[in-house]
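The primary structure of each chain is shown beneath.
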Amino acid sequence: MALSRREIVKDAVQQSTEAAIASAGHIAAILFDTARRITTEVGAFGTEIFEIAEASKRAGRDDAETNPMAE
């Protein structure tokens, strides 16, 4: 039994659509993972900045306590 031209076109459109959707899904997964990684890195950077600021404040207080004439 030979396939009709319409059946062949339908199969080609179906397979092309499935391939496009699969590719879009893979791309979306890559983008979401990238966004998650960027968010993680920005958060880690913010934590580092916070810790540096706190250490700087502690150092300033320690210096003022041990050397009152430094001001």
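Here the structure is a predicted model, which means the values were calculated and not measured. (Residues numbered from 1 in each chain as written. Predicted model: local features only at pLDDT ≥ 70, side-chain atom pairs only at ≥ 80, totals over all residues. Heavy atoms only, no water.)

(A) Examining the overall build of the chain more closely. From N to C terminus, the chain includes 1 helix and 0 strands. Relative to the 2.2 N^0.38 estimate, which gives 11 Å for 71 residues, the radius of gyration of the chain is 30 Å and therefore markedly larger than a compact globule would have. Sorting the 71 residues of the chain into buried and exposed places 0% on the buried side. (Helix = DSSP H or I, 4+ residues; strand = E, 2+ residues; numbered from the N terminus. Rg over C-alpha atoms; globule rule 2.2 N^0.38 Å. Buried < 20%, exposed > 50% of the residue type's maximum accessible area, 1.4 Å probe, protein only.)

(B) Main features of the pattern of salt bridges. The full count for this structure, using the stated rule, is 5 salt bridges. Between Asp11 and Lys10 there is a salt bridge, with its nearest N and O atoms 2.8 Å apart. Judged by its relative accessible area of 25%, Asp11 is partly exposed. Linking Glu54 and Lys57 is a salt bridge whose minimum nitrogen-to-oxygen distance equals 3.7 Å. Separated by 3 residues within a single helix, Glu54 and Lys57 lie in helix α1 (residues 5-66), roughly one turn from each other. (Salt bridge = Lys/Arg side-chain N within 4 Å of Asp/Glu carboxyl O.)

(C) Spatial organisation of a nonpolar patch on the surface. Taken together, the side chains of Phe45, Ile49 and Ile52 present a nonpolar region at the surface, about 320 Å² in accessible area. Within the secondary structure, Ile52 sits in helix α1. (Patch = residues over 30% accessible without salt bridge, like charges linked within 9 Å, V, L, I, M, F, W, Y side chains within 5 Å. Areas by Shrake-Rupley, 256 points an atom, 1.4 Å probe, with all protein chains shown as cover.)

(D) Seen up close, the environment of Arg6. Summarising the element assignment, Arg6 is placed in helix α1. Residue classification places Arg6 among the exposed positions, given a relative accessible area of 73%. A sequence separation of 57 residues divides Arg6 from Asp63, and the C-alpha atoms of the two residues are 85 Å apart.

Geometric values such as these leave the question of function open.
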